[in-house]
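For reference, the chains in residue letters:
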Amino acid sequence: MNDDRKDQDRRLWASGSYPRIARLVEPMGCDLVELAGVRPGMRVLDVATGTGNAAIPAALAGAVVTAVDLTPEMFAVARSRADAAGVQVDWVEADAEDLPYDDDSFDVVLSAIGVMFAPDHDRAASELVRVCRPGGTIALANWTPDGYGGAFFELLAGHAPPPHSGTLPPTAWGDPEHVTELLGGHVDALSCRRRVLDLDFTGSPEELFETYRSSFGPVLAVRARLADDPARLAAFDRDLLGFLRHENLDPDGDPSQGRYRFEYLAVTATRSDRAVSRPSR
Ligand SMILES: C[S@@+](CC[C@H](N)C(=O)[O-])C[C@H]1O[C@@H](n2cnc3c(N)ncnc32)[C@H](O)[C@@H]1O
């Protein structure tokens, strides 16, 4: 994948304030660490770690944790969270499609709604497998195409298609068939389970809308692409707010408290001992 695309992705994720969004999905990282069976002394890699939602609970479980992300701007918050939790994590700037580690380096490879955003799904999947030792565990949490995350990203793409065509949407990683195609040849005991994260947002749908609009890179990117066309920009804002009102599970409840259900595909697999080599560039 060319470097321009990666620069654009890096700028997108560095824009706004992803740490505000990361707080909303924090329990998913803990869930993933539990599903992966992380234990003291294991060598764990968290891919596309953001502010460390999976890396920090893995370190709290006693693992030796390395966390990579394309966007080093995430690491200031990640470091202060790790300090506050009293754990050590090695934070490394790296592309999920080209991990700077030898084959079989880790006992567990995790990614919470992270690797799904790398554009070349095959390359990223090969890298997850390559750096995991045979018998080790790969565990992923991916938004499902038909859950909240799928509808959210579809709405964004509907208003301003991403500039790079020809790549599958990130939420394809939430489809068990696609995950089986990506990983199936190199893993055993592949399991895909739908799980939910219930979010009690301490604010109204209007406040969640403002949070996305001020903080979430993918929303900022769509709004930037529509900036020259006020009518389309207004239509996007209207539809996003309409979506958040529609998705609120308790529209007749406390108007200052939105309730949302985020569905994700929890993938766990055991790396087989069939060889895998680094994808060529
Ligand atoms: C939705 S955030 C998830 C972050 C974190 N895992 C969490 O649970 O909050 C997606 C993350 O993927 C990172 N990312 C996007 N493309 C990447 C790539 N090609 N390689 C590594 N990280 C990438 C972004 O910088 C961002 O931190």
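Residues numbered from 1 in each chain as written. Predicted model: local features only at pLDDT ≥ 70, side-chain atom pairs only at ≥ 80, totals over all residues. Heavy atoms only, no water.

A. Structural context of the overall build of the protein. Of the regular secondary structure elements, the protein holds 11 helices and 7 strands. For 281 residues, the compact-globule estimate of 2.2 N^0.38 gives 19 Å, and the C-alpha radius of gyration of the protein, at 18 Å, lies within 12% of that figure. Dimensions of the protein, computed from C-alpha atoms along their principal axes, come out at roughly 55 × 40 × 35 Å. Buried residues in the protein amount to 53% of all 281 residues. Within the protein, residue pairs in contact and separated by at least 24 positions form 79% of the contacts whose partners lie at least 6 positions apart. Carbon and sulfur atoms form 49% of the exposed surface of the protein, whose accessible area is close to 12,300 Å². Each charge class in the protein can be summarised by its mean position, and for the 28 positive and 44 negative side chains these summaries are 2 Å apart. (Helix = DSSP H or I, 4+ residues; strand = E, 2+ residues; numbered from the N terminus. Rg over C-alpha atoms; globule rule 2.2 N^0.38 Å. Buried < 20%, exposed > 50% of the residue type's maximum accessible area, 1.4 Å probe, protein only. Contact = heavy atoms within 4.5 Å. Areas by Shrake-Rupley, 256 points an atom, 1.4 Å probe, with all protein chains shown as cover. Lys, Arg positive; Asp, Glu negative; His and termini not counted. Charge placed at Lys NZ, Arg CZ, Asp CG, Glu CD.)

B. Quick look at the sheet that holds strand E7 (residues 258-271). Pairing is mixed in the open sheet, where 7 strands are placed in the order E3-E2-E1-E4-E5-E7-E6. The two strands at the open ends of the sheet, each matched to only one other strand, are strand E3 (89-93) and strand E6 (187-201). Between one strand and the next, the sheet's axes are offset by a mean angle of 20°, whatever the strand orientation. Sheet topology note: the E6/E7 ladder contains 13 bridges and is antiparallel. Counted as the bridge partner of Val196 is Glu263 from E7. Across the sheet, helix H5 (residues 75-85) lies against strand E2 (64-69) and E3, angled at about 175° from E3, the strand it touches most. (Pairing = 2+ DSSP bridges. Axes fitted to C-alpha atoms, helices over the stretch in contact; angles between N-to-C directions.)

C. Up close: the site of the ligand. Tyr18, Asp69, Thr71, Ala96 and Ala112 are the nearest of the 18 residues found near the ligand. Here a nitrogen atom of the ligand and a backbone polar atom of Leu70 are 3.2 Å apart. Separating a nitrogen atom of the ligand from a backbone N or O atom of Ala96 is a distance of 2.8 Å. Considered on its own, the ligand offers 600 Å² of accessible surface; in the complex 99% of this is hidden by protein. A per-class count over the shell around the ligand returns 11 nonpolar, 5 polar and 2 charged. (Near = heavy atom within 4 Å. Polar contact = N/O pair within 3.5 Å; in protein donor to acceptor, adjacent residues only side chain to side chain. Nonpolar A, V, L, I, M, F, W, Y, C, P; charged D, E, K, R; others polar.)

D. Here's a closer look at unusual backbone geometry. Notably, Asp104 is not glycine yet its phi reads approximately 60°, a positive angle. With relative accessibility at 33%, the residue Asp104 sits in the partly exposed group. The phi dihedral of Ile113 is positive, around 35°, even though this residue is not glycine. By the secondary structure assignment, Ile113 is in the loop between strand E4 (106-112) and helix H6 (121-131).

Nothing here speaks to function; it is all geometry.
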